[in-house]
Amino acid sequence: MSKPADFLLSVESLGVSFDGFKAVDGFNFYLDRNRVHVIIGPNGAGKTTVLDLICGKTKATSGSIKFKDQEIRGLAEHKIVRAGIGRKFQNPSIYENLTVFENLEISHPKGRGVFGCLMFRRTEEVLGRIRAVAEDVALLELLDTEAGILSHGQKQWLEIGMLLMQDPELLMLDEPVAGMSVREREATAKLIKKISGQRSVIVIEHDMEFVKEIADRVTVMHLGKILAEGSMEHVQADPKVIEVYIGH
Ligand code: ADP
Ligand code: MG
């Protein structure tokens, strides 16, 4: 298949087998800049594994993953992060004993994690970035609050903020609104729309109302393969999708 060369991410014939079981099989995926692309599908469809393959946590057995026309399949995870891909896992990994400010500060690429930050100068640039990110994730008023006492939703936003500190061109979020209240979901939808003004976001999600709100495009996965792809209206009306997913 011929395609324009300016995709942010282009994944072709991607596959991985675990002891002969094909968790992802012949997966093709093309993502433009400044888009929100949602992956849906039943449990075990292979959605999380696709993110694991893109971020280098799991090594693919076949196919190619190009980010800005560079092959990244096989690169170490930290190199993929440095190339501009940030990934949020299902459980938030924040430092509960540090403040919101400190969590954002240690996530700045000029900081060096928890220990390096002792020697790390709080430059104007870093302070400005922390404030801008805190505003994006609705935590500006809570910069001095210890992360451990944030609500579940605020912890999720803080982790998104920590990823935004690196200014990734591609952000991948695995079930970001699981366990959130309705209001937190609405706020998260706004947050994702806002941050996609400067980057693309891949989101895995089950909540159809939420998906409808944020998705520019939807891919439906089933048994490691793509079952349907297109606008939300298009995939929702697809009889195959209704049968294996939406109907349940
Ligand atoms: P989803 O996120 O769509 O619910 P996953 O990507 O987590 O699905 O899993 C897809 C399938 O691959 C499941 O059957 C899961 O058990 C299997 N799987 C995922 N990761 C591994 C692994 N590291 N080793 C063995 N099997 C795995
Ligand atoms: Mg999953």
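Predicted model only: the values in this text are computed from it and were never measured. Chains are numbered independently. Their residues run from 1 in the order of the written sequence. Here every chain gets a letter starting at A, and every ligand a number starting at 1, in the order they are written. Note on the predicted model: pLDDT of at least 70 is required for a residue's local features to be given, and 80 or more for side-chain atom pairs to be given and counted; whole-chain, interface and lining totals, by contrast, use all residues. Side-chain calculation: all heavy atoms of the structure are included, whereas hydrogens and water are not.

1. Regarding the domain arrangement of the protein chain
Spelled out, the test is: By convention here, the domain bounds are inherited from an automatic or database domain assignment. Every residue pair with non-hydrogen atoms within 4.5 Å of one another is taken to be in contact. Using a 1.4 Å probe, buried area is obtained as the accessible area two parts lose upon being combined, added over both of them. We define a salt bridge as a side-chain nitrogen of Lys or Arg found within 4 Å of a carboxyl oxygen belonging to Asp or Glu. Throughout this description, a polar contact denotes any pair of N or O atoms lying within 3.5 Å of each other; where both atoms belong to protein, one of them has to be capable of donating a hydrogen while the other can accept it, and for residues adjacent in sequence the pair is counted only when both atoms sit in side chains. Per the convention used, a helix needs a DSSP run of H or I reaching at least four residues, while a strand needs a run of E reaching at least two, with both numbered from the N terminus.
Taken domain by domain, the protein chain consists of domain 1 (1–84 + 168–248) and domain 2 (91–167). Look at where the C-alpha atoms of domain 1 and domain 2 centre, and you get two points 26 Å apart. Each side of the interface is counted separately: domain 1 has 16 residues, and domain 2 has 13 residues. In this assembly, domain 1 packs against domain 2 so that about 1200 Å² is buried in total across both faces, 65% of it on carbon and sulfur atoms. The largest per-residue losses of area from domain 1 upon contact with domain 2 belong to Pro168, Glu184 and Leu191, which jointly make up 36% of the total buried on that side. Scanning the region where domain 1 abuts domain 2 turns up two salt bridges. Between Asp167 and Arg199 there is a salt bridge whose closest N-O contact spans 2.7 Å. Across the domain 1-domain 2 interface, the total number found is six residue pairs in polar contact (both at pLDDT 80 or more). Tallying contributions element by element places helix H7 (residues 182–195) first for the side of domain 1 that touches domain 2, with six residues.

2. Here we look at the site of ligand 1
The following threshold applies: Only a single heavy atom is needed: when it lies within 4 Å of a molecule or strand, its residue is near that molecule or strand. For the area figures, the Shrake-Rupley method with a 1.4 Å probe applies, and any residue is considered shielded solely by the protein chains shown. Under this grouping Gly is polar, as are all residues other than the nonpolar Ala, Val, Leu, Ile, Met, Phe, Trp, Tyr, Cys and Pro and the charged Asp, Glu, Lys and Arg.
Taken together, Phe18, Phe21, Ala23, Pro42, Asn43, Gly44, Ala45, Gly46, Lys47, Thr48 and Thr49 form the complete shell of residues around ligand 1. Within the backbone of Gly44, one N or O atom sits 2.7 Å away from an oxygen atom of ligand 1. One of the side-chain N or O atoms of Thr48 is found 2.8 Å from an oxygen atom in ligand 1. With the chains in place, 59% of the 560 Å² that ligand 1 exposes on its own is no longer accessible. Looking at the shell around ligand 1, the elements with two or more residues in it are strand S2 (21–31) and helix H1 (47–54). If you tally residues by element for the shell around ligand 1, the top one is H1, at three residues. Per-class residue counts for the shell around ligand 1 are five nonpolar, five polar and one charged.

3. Section: the pattern of salt bridges
Spelled out, the test is: A simple rule labels every residue: compare its accessible area, found with a 1.4 Å probe on the protein chains alone, to the largest value its type can have, and call it buried under 20%, exposed over 50%, or partly exposed in between.
Inspection of the entire model under this criterion finds 13 salt bridges. A salt bridge links Lys155 to Glu96; the nearest nitrogen and oxygen atoms lie 3.4 Å apart. You can see Lys155 sitting in helix H6 (residues 152–164) and its partner Glu96 sitting in the loop between strand S6 (85–88) and helix H3 (100–106), a full 59 residues away along the chain. The class for Lys155 is buried, based on a relative accessible area of 17%. Judged by its relative accessible area of 38%, Glu96 falls in the partly exposed class. With a closest N to O distance of 2.9 Å, Lys194 and Asp136 form a salt bridge. Placement of Lys194 in helix H7 and of Asp136 in helix H5 (residues 124–136) is noted, with a sequence separation of 58 residues between them.

4. Regarding the layout of surface pockets
We apply this condition: In this analysis the probe radius is 1.4 Å and the grid spacing 1 Å, with only protein atoms considered; a cavity is a set of points the probe fits into but cannot get out of, a pocket is an open set with protein on both sides within 12 Å along at least five of seven lines, and lining residues have an atom within 4 Å of a point. Grid points are joined across faces, edges and corners, and a volume is the space filled by probe spheres set on the points.
A volume near 170 Å³ is recorded for the second largest pocket. At the level of secondary structure, the elements contributing two or more residues to the lining of the second largest pocket comprise S2 and strand S3 (36–40).

5. Considerations on the side chain of Ser107
Looking at the secondary structure, you find Ser107 in the loop between H3 and helix H4 (113–116). Relative accessible area serves as the criterion here: at 9%, Ser107 is assigned to the buried category. In contact with Ser107, not counting residues within four places along its chain, are Met162, Met165 and Gln166.

6. So, the pairing of strand S8 (residues 200–204)
Let me state the cut-off plainly: The handedness of a crossover follows from its direction of travel: if, with the strands pointing away from the viewer, the path from the first strand over the helix to the second runs clockwise, the crossover is right-handed.
S8 sits mainly inside the fold: five of its five residues count as buried. Burial of S8 is two-sided: the residues Ser200, Ile202 and Ile204 facing one way and the residues Val201 and Val203 facing the other way are all buried. The handedness of the strand S7 (residues 170–174) to S8 crossover, carried by H7, is right-handed.

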